[in-house]
Protein chains: 2
Amino acid sequence: MITEVRRLLDEKKYRALRDLLCDEEPCDVAMLFDKFPKDEIPLMFRILHKDFATEVFVEMDSDLQQALIQAFTDRELSEIINDLFMDDTVDIIEEMPASVVRRILHNTDMERRKKINQLLNYPEDTAGTIMTTEFVRLKAHLTVSDAFKTIKRTGLEKETIYTCYVTDEKRVLLGVVTVKQMLLADEDTLIGDLMVEDPIFCYTDDDKEDVTKAMRKYNFLAMPIVDKENRLVGIVTVDDAMDVLQEEETEDIEIMAAITPTDKPYLKTGVFETWKSRVPWLLILMISATFTSKILTHFESSLAALPILTAFVPLLMGTGGNAGSQSSVSIIRALSLEDIQMRDFAKVLLKEFLVALLCGLSLCIVNFGKMLLFDDVSRSVYGTQQSVLISLSVCITIAITVIIAKVAGSMLPILVKRIGLDPAVMASPFITTIVDVLSLLVYFGICTVLLGRFGIL
Amino acid sequence: MITEVRRLLDEKKYRALRDLLCDEEPCDVAMLFDKFPKDEIPLMFRILHKDFATEVFVEMDSDLQQALIQAFTDRELSEIINDLFMDDTVDIIEEMPASVVRRILHNTDMERRKKINQLLNYPEDTAGTIMTTEFVRLKAHLTVSDAFKTIKRTGLEKETIYTCYVTDEKRVLLGVVTVKQMLLADEDTLIGDLMVEDPIFCYTDDDKEDVTKAMRKYNFLAMPIVDKENRLVGIVTVDDAMDVLQEEETEDIEIMAAITPTDKPYLKTGVFETWKSRVPWLLILMISATFTSKILTHFESSLAALPILTAFVPLLMGTGGNAGSQSSVSIIRALSLEDIQMRDFAKVLLKEFLVALLCGLSLCIVNFGKMLLFDDVSRSVYGTQQSVLISLSVCITIAITVIIAKVAGSMLPILVKRIGLDPAVMASPFITTIVDVLSLLVYFGICTVLLGRFGIL
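Residues numbered from 1 in each chain as written. Chains lettered and ligands numbered in written order. Predicted model: local features only at pLDDT ≥ 70, side-chain atom pairs only at ≥ 80, totals over all residues. Heavy atoms only, no water.

K.L.:
Looking at this structure, how should I read the environment of B:Thr433?
P.N.:
Residue and element names in this part refer to chain B. Structurally, Thr-433 can be placed in helix H24 (residues 428–453). A residue is classified by how much of its surface remains accessible, and Thr-433, at 16% relative accessible area, is buried. For Thr-433 and Met-317, which are 116 residues apart along the polypeptide, the C-alpha to C-alpha distance reads 9.0 Å. (Helix = DSSP H or I, 4+ residues; strand = E, 2+ residues; numbered from the N terminus. Buried < 20%, exposed > 50% of the residue type's maximum accessible area, 1.4 Å probe, protein only.)

See below:
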């Protein structure tokens, strides 16, 4: 495909190029453009059919959009901006530098500019920022055939026509009616009789993630968004909901891996930017590892007396970290999917404790067997009784560490959520750091008691 | 709500109860039923309006569905099953024990039974298993008004009517036409002139995740699914696509946390089942920690000579693990979102190397400062020159470890994907284990050279 476009471009066969490109899906063309030098894109863009060009424009990455806007004449810019859906316009504007934004707003007609400014003013991450103001509004006294006429007259500019909204003279949302209902009903049926009353809706300042979750729960193609006076001001469509869902999941995953979330794709994020999103967490976690250093320094004499004890430190810390992250990640995900609620605290605690008990015992037994049968290095140096006692200390520590790790790993995300923070911060890296400290304390405690009693330490 | 339902149930006010329940959304009623004893559910279910009852049934968890099916008479069962959409029927059947499945199939009419069996036979995780066979099929020679008549006649039983599919006499997919196009067009327009030819489609044996990704990419409400002869056999609707998306994300997150994925919600999974999904990975990771033990045992004499070196082992391993998991998780996510492809290998390597260099240097400098200024325990015991050299060894190791961790963390998921496995297995736990070993080797290597040269070790 690329080579074909290259050839047509070089041979200046623009008509053939247009036919080739306009046959593709807009998002594929946008991806294709991304592979060409930026100065060739305005030319390629201009040969596209106008409506198709708008669709391609929406699908482009913001750096490409910016390059194009800068190449546009005022007239071209005005044409394309007035053709865009409102929510797409706002998305694009949010990514542009101030000078480009001024030029866009300057080339937008008065009415649209007002709406854009309104949409830009909703607080970050609210339903208002992702909704579109283009939807089909019907009156209750219309018949189905009137309604179809309204749709026919105005539908082309609406992002979805399949769900229509019935409002009163104050624009307050009264009901919802789908094109499916209308198509299956009699032509003379009144919209007021057909509509579903008291529909589910969201407010402009609801969290956009909650809107998405509600849409998924109720299988909605669009969610009506009302202001504080219950007046219908916009809708969120399912395609935007899917994008929000994906962004939020990526954000969760990044937070869980101790990365400050960015909303740019991996290859579009610069080295310096990536460094900035990663290094603060590494620093915090590194400095918090001071505790483990202090503990090890504190027990330096024990380690010097019985150096073999050092050999099991990574094993204990690793197992504790893994056990804890299994629990914390399960709980973070279950909270995010709303599979568990705050009130399930006790149920979660009991379940994780029992699972931890089983896991702890399994690991304890397997490791005890392994240490006695295979790790005979220690036996030859320390003798059978000592060897058994050392193995026992390690394995009891494993069991206790796993229990601590799983209980802490499951409880901390819930507690963090309770105080209003994102539970995802309590994923592997933080759990690991906490569990590291606790497991070392348990380890040296058990060694001191068990090995001390038999005069080994 | 629950107390109200309880009261109406106890007072046997069934009509009021029906009015109350039928006013809610089906999925809310299903969640409400889950909070009542299983033997009261058939009664509550029977008082619902029939169509509404079917919708509630679809939204229930499979254990509730099973309880209800067992309480149903053959007639009730047959009514409800014949009312369900085909893909929902198959989803339900897949969760039921064999005896229940036999009863369901026995109470399904011949034609549906044949289709159900067909759907059940598609290999796991393919498009065939999530598609529905109920969609609107049109002929190219119809006019728009004919098409609307067809929709009116058959639309009620179709899962979506908004995208209609045009096929030839052999049922081969020719084009796609939306209700929006039809509503905005003239009544006499031929479907063949209106439809978009050569539409995007998937095959029945395509991976369901790929179908979902394509739908998200192209903003489709439904994706046509064809067999090997290009005959249209079903469609995947956007609500099912969103469910698949969510399941796959959960699966990815679980694999990244070293958990064998299960498709049940957290609280519905038993203790034993959760143990089974977690313990194998803990065992594998624990046993692979043997390598770190061996390395520490090997350098036992160095550690005995300079016990302070032990204190930094958790710091190094922790930092390496965190740095590695940042990279591996970023890459796994980018691969899953298709932000990066196999051919971006070199770009990723270069970027991660540069980010690692920056992160490594930052951590190295901060930690060097911290060790010299605050961790003066070591200085008082070892003297200034030794203290500086020890700090230097630790900090150089940190920098090298971060570089190794980030390069390994970014490359391993890509390599694992190349050989056809799920890149998510190369997340934190495995990267950590690998980086643990490497960081210890680097640490002792540097200590031996640097401290050995000055006669400290």
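K.L.:
Explain the pairing of strand S7 (residues 232–237) of chain A to me, please; I cannot follow it from the model alone.
P.N.:
If a strand is regular, its side chains alternate between the two faces of the sheet. By the criterion of burial, S7(A) is predominantly enclosed, with 5 of the 6 residues buried. Following strand S6 (residues 222–226) of chain A, the chain reverses through 5 residues before pairing antiparallel with S7(A); A:Asn230 in that reversal takes a positive phi of roughly 65°. (Pairing = 2+ DSSP bridges.)

K.L.:
Please clarify how the relation of the copies chain A and chain B should be interpreted in this entry.
P.N.:
One chain copy maps onto the other through a rotation about an axis and a shift parallel to that axis. Least-squares fitting of chain A to chain B yields an RMSD of 0.2 Å, with the transformation described by 0.1 Å of translation along the axis and a rotation of 180°. Seen this way, the second copy is the image of the first under a two-fold rotation axis. Taking the C-alpha atom as reference, chain A places A:Ala304 closest to the rotation axis, 2.6 Å from it. A high fraction, 98%, of the interface residues of chain A reappear at the interface in chain B, so the copies pair face to face through one surface. (Least-squares fit on C-alpha atoms with pLDDT ≥ 70 in both. Contact = heavy atoms within 4.5 Å.)

K.L.:
What is the right way to read the interface of chain A and chain B from this model?
P.N.:
Interface size, as often reported, equals the accessible area lost upon joining of the parts. In this assembly, 109 residues from chain A lie in contact with 108 residues from chain B. Summed over both partners, the interface of chain A with chain B buries about 9,800 Å², with 69% contributed by carbon and sulfur atoms. Of all residues in chain A, A:Met242, A:Tyr266 and A:Met286 give up the largest surface area on contact with chain B, accounting jointly for 8% of the area buried on that side. Summed over the shared surface of chain A and chain B, the number is 4 salt bridges. In this assembly, chain A and chain B are joined by 43 residue pairs in polar contact (both at pLDDT 80 or more). The dominant element in the side of chain A that touches chain B, judged by the number of residues it contributes, is helix H20 (residues 313–336) of chain A, at 14 residues. Its residues assigned to classes, the side of chain A that touches chain B comprises 63 nonpolar, 21 polar and 25 charged. (Buried area = accessible area lost by both parts, 1.4 Å probe. Salt bridge = Lys/Arg side-chain N within 4 Å of Asp/Glu carboxyl O. Polar contact = N/O pair within 3.5 Å; in protein donor to acceptor, adjacent residues only side chain to side chain. Nonpolar A, V, L, I, M, F, W, Y, C, P; charged D, E, K, R; others polar.)

K.L.:
Is there a simple way to explain the pattern of salt bridges in this structure?
P.N.:
Pairing is possible between side chains that carry opposite charge, provided their charged atoms lie close to one another. Residue and element names in this part refer to chain A. Within the structure shown, the criterion is met by 47 salt bridges over all chains. Residue Glu-209 pairs with Lys-213 through a salt bridge whose shortest N-O separation is 3.8 Å. With a gap of 4 residues between them, Glu-209 and Lys-213 both fall in helix H15 (residues 208–218), about one helical turn apart. Glu-209 sits in the partly exposed class, given a relative accessible area of 21%. Here the residues in one salt-bridge network are Glu-4, Arg-7, Glu-11 and Lys-13, joined through shared partners.

K.L.:
How do you make sense of the sheet that holds strand S1 (residues 135–138) of chain B when you look at a structure like this?
P.N.:
Across a sheet, paired strands are connected by hydrogen bonds in the backbone, their directions being either parallel or antiparallel. All names here are of chain B. Taken together, 4 strands build an open sheet; the order of strands is S1-S2-S3-S4 and the sheet is mixed. Sheet topology places S1 and strand S4 (196–197) at the edges, where each strand pairs with a single neighbour. Direction of pairing for strand S3 (residues 173–178) relative to S4: antiparallel, over a ladder of 2 bridges. The residue of S4 that forms the bridge with Val-176 is Val-196.

K.L.:
Is there a simple way to explain the packing of aromatic side chains in this structure?
P.N.:
As enumerated under the stated definition, the model contains 21 aromatic pairs over all chains in all. Site record: aromatic cluster; members linked through ring pairs are A:Phe45, A:Phe57 and A:Phe72. The positively charged end of A:Lys351 is found above the aromatic ring belonging to B:Tyr266, 4.2 Å away from the centroid. (Phe/Tyr/Trp six-rings, centres within 6.5 Å; stacked < 30°, edge-to-face > 60°. Lys NZ or Arg CZ within 6 Å of the ring centre and 35° of its normal.)

K.L.:
Please clarify how the state of the cysteines should be interpreted in this entry.
P.N.:
As used in these notes, a disulfide is a covalent bond between sulfur atoms, one from each of two cysteines. The final tally for this structure, using the stated rule, is 0 disulfides over all chains. Free of any disulfide, B:Cys164 has its nearest neighbouring cysteine sulfur in A:Cys164, separated by 16 Å. Under the relative-accessibility criterion, B:Cys164 is labelled buried at 0%. In this structure B:Cys364 is not part of a disulfide, and its nearest cysteine sulfur, from B:Cys395, lies 5.1 Å away. Under the relative-accessibility criterion, B:Cys364 is labelled buried at 16%. (Disulfide = S-S within 2.5 Å.)

K.L.:
Would you explain the sheet that holds strand S7 (residues 232–237) of chain B in this entry?
P.N.:
Residue and element names in this part refer to chain B. One open sheet holds the 3 strands; their spatial order is S5-S6-S7, and the pairing between them is mixed. Whereas interior strands pair on both sides, the edge strands pair on one side only; in this sheet they are strand S5 (202–203) and S7. Its contacts with the sheet place helix H15 (residues 208–218) against S5, strand S6 (222–226) and S7, and it is angled at close to 135° to S6. (Axes fitted to C-alpha atoms, helices over the stretch in contact; angles between N-to-C directions.)

K.L.:
Can you help me understand a negative patch on the surface in this one?
P.N.:
Residue and element names in this part refer to chain B. On the surface, Asp-51, Glu-55, Glu-59, Asp-83, Asp-91, Glu-94, Glu-95, Glu-124, Asp-243, Glu-251 and Asp-263 cluster together into a negatively charged patch. If you list the elements that add at least two residues to the negative patch, you get helix H5 (50–59), helix H8 (86–95) and helix H16 (238–256). As for its placement among the helices and strands, Glu-94 is situated in helix H8. Using a relative accessible area of 42% as the deciding quantity, one classes Glu-94 as partly exposed. (Patch = residues over 30% accessible without salt bridge, like charges linked within 9 Å, V, L, I, M, F, W, Y side chains within 5 Å. Areas by Shrake-Rupley, 256 points an atom, 1.4 Å probe, with all protein chains shown as cover. Lys, Arg positive; Asp, Glu negative; His and termini not counted. Charge placed at Lys NZ, Arg CZ, Asp CG, Glu CD.)

K.L.:
Teacher, can you tell me more about a positive patch on the surface here?
P.N.:
On the surface, a cluster of positive charge is made up of A:Lys114, A:Lys115, A:Lys139 and A:Arg171. Mapped onto the elements of the fold, A:Lys114 is located in helix H10 (residues 110–120).

K.L.:
Explain the confidence of the model for chain A here, please?
P.N.:
Fine structural detail should not be taken from predicted coordinates in areas where pLDDT scores are low. Residues and elements named next belong to chain A. In this model, chain A carries an average pLDDT of 87, and 98% of its residues clear a pLDDT of 70 or more. Averaged pLDDT values for the elements of chain A fall to 60 in helix H22 (residues 376–382) and rise to 94 in strand S5 (residues 202–203). Listed scores for the predicted complex are pTM 0.80 and ipTM 0.79. (pLDDT = per-residue confidence, 0-100.)

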